[in-house]
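Residue-level structural notes
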Amino acid sequence: MTDARAQIQETIDENDVVLFMKGTRDMPQCGFSSRVAGVLNYMGVAYRDVNVLSDEAIRQGIKDFSDWPTIPQLYVKGEFVGGCDIITEMTLSGELDQLFDQKEIAFDKDAAAKIREANA
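For the structure given in this document, a descriptive report is provided here. As the structure is a prediction and not an experimental result, all values here were calculated from the model. (Residues numbered from 1 in each chain as written. Predicted model: local features only at pLDDT ≥ 70, side-chain atom pairs only at ≥ 80, totals over all residues. Heavy atoms only, no water.)

1. Details of the overall build of the chain
Here is the rule: Secondary structure follows DSSP: runs of H or I at least 4 residues long count as helices, runs of E at least 2 residues long count as strands, and numbering of each begins at the N terminus. We take the radius of gyration over the C-alpha atoms and set the globule estimate at 2.2 Å times the residue count to the 0.38 power. Exposure is judged per residue with a 1.4 Å probe applied to protein chains only, and the accessible area is read against the type maximum: over 50% gives exposed, under 20% gives buried, and values in between give partly exposed. Whether two residues touch is decided by their heavy atoms; if any such pair falls within 4.5 Å, the residues are in contact. The accessible surface values rely on the Shrake-Rupley method and a 1.4 Å probe; as for residues, cover is taken only from the protein chains in view. For the purpose of charge, His is not counted, nor are the chain termini; Lys and Arg are scored as positive and Asp and Glu as negative. By convention, charge coordinates are those of NZ in Lys, CZ in Arg, CG in Asp, or CD in Glu.
Summing up its helical and strand segments, the chain has 6 helices and 4 strands in all. Secondary structure of the chain in N-to-C order comes out as α-β-α-β-α-β-β-α-α-α. For 120 residues, the compact-globule estimate of 2.2 N^0.38 gives 14 Å, and the C-alpha radius of gyration of the chain, at 14 Å, lies within 12% of that figure. Here the C-alpha coordinates of the chain stretch approximately 45 × 25 × 25 Å along the principal axes. The buried share of the chain, taken over its 120 residues, is 42%. When contacts within the chain are restricted to residue pairs at least 6 apart in sequence, long-range pairs at least 24 apart make up 61% of them. With the model as given, the accessible surface of the chain reaches about 6500 Å², and the carbon-plus-sulfur share is 45%. Positive and negative side-chain charges of the chain, numbering 12 and 21 respectively, have mean locations separated by a distance of 3 Å.

Rendered as structure tokens:
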């Protein structure tokens, strides 16, 4: 598990935004991963997607790494942000916009506003 942990840490360190998910940004393999990837894609966020289904050590390793039992998991500038429910809530409340602004992550503010309008 040490190798998986090192690989996870390296991926998080080398990328400003990382989504550990089931499937890929273009072909999510579960509804929760699809929702978070969809938000990031729609908002134009540059991120690294890591398909946990392609490596069992990473799939279990990310749960141990974050002490969070579910996937997807979003990391921004090395910080674990949360899973699907948390990202959904943060998107709808505007907290995700604030986090991206604070961490200097580029995103489409108009797209973020449209997500909130559509879910109001």
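Having seen the structure, we can now continue with the description.
2. Comments concerning the pairing of strand 1 (residues 17–21)
Convention followed: When DSSP finds two or more bridges between a pair of strands, those strands are recorded as paired. If the strands point away from the viewer and the path from the first strand over the helix to the second runs clockwise, then the crossover is right-handed.
In terms of burial, strand 1 is a largely internal element, 5 of the 5 residues being buried. Because side chains alternate across strand 1, one face comprises the buried residues Val-17, Leu-19 and Met-21, and the other comprises Val-18 and Phe-20, equally buried. Relative to strand 3 (residues 73–76), strand 1 runs antiparallel, the two being bridged by 4 bridges. Residue pairing for strand 3: Phe-20 is matched across the bridge by Gln-73. With helix 2 (residues 31–42) bridging strand 1 and its parallel neighbour strand 2 (residues 48–51), the resulting β-α-β unit is right-handed.

3. Quick word on the packing of helix 2 against helix 4 (residues 84–93)
Stated formally: With axes taken as lines fitted to C-alpha atoms, and helix axes fitted only over the stretch in contact, angles between N-to-C directions fall between 0 and 180 degrees. Each helix crossing is assigned a hand: it is left-handed if the near helix lies turned anticlockwise from the far helix by less than a right angle, otherwise right-handed if that turn is clockwise. Residues are grouped as follows: nonpolar covers Ala, Val, Leu, Ile, Met, Phe, Trp, Tyr, Cys and Pro; charged covers Asp, Glu, Lys and Arg; every other residue, Gly included, is treated as polar.
Running from N to C, helix 2 and helix 4 cross one another at 35 degrees; their axes reach a closest spacing of 9 Å. Along this stretch, helix 2 crosses helix 4, giving a crossing that reads as left-handed. Across the interface between the two elements, Phe-32, Arg-35, Val-36 and Val-39 from helix 2 touch Cys-84, Ile-87, Thr-88 and Thr-91 from helix 4. Among the residues forming the contact of helix 2 with helix 4, the class breakdown is 5 nonpolar, 2 polar and 1 charged.

4. Quick notes on helix 6 (residues 109–118)
The periodicity of an α-helix, 3.6 residues per turn, causes residues three or four places apart in sequence to face the same way. Note the cut-off: As used here, the arc belongs to the directions running from the helix axis to the C-beta atoms.
The set of residues buried in helix 6 consists of Ala-111, Ala-112 and Ile-115. When helix 6 is viewed along its axis, its buried side chains cluster within an angular range of 105 degrees and face the same direction. Of the exposed residues in helix 6, the ones pointing more than 90 degrees away from its buried face are Asp-110 and Glu-117. The secondary structure elements touched by the buried residues of helix 6 are helix 2, helix 4 and helix 5 (95–102).

5. A short note on the pattern of salt bridges
Pairs can form between side chains of opposite charge once their charged atoms are near each other. Convention followed: Each salt bridge in this description consists of a side-chain nitrogen of Lys or Arg and a carboxyl oxygen of Asp or Glu lying within 4 Å of one another.
Here the structure, examined in full by the defined rule, presents 4 salt bridges. Linking Arg-25 and Asp-49 is a salt bridge whose minimum nitrogen-to-oxygen distance equals 3.8 Å. Of this pair, Arg-25 sits in the loop between strand 1 and helix 2 while Asp-49 sits in strand 2; the two residues are 24 residues apart in sequence, bridging distant segments of the chain. Salt-bridge contacts for Lys-109 lead to Asp-101; the nearest nitrogen and oxygen are separated by 2.7 Å.

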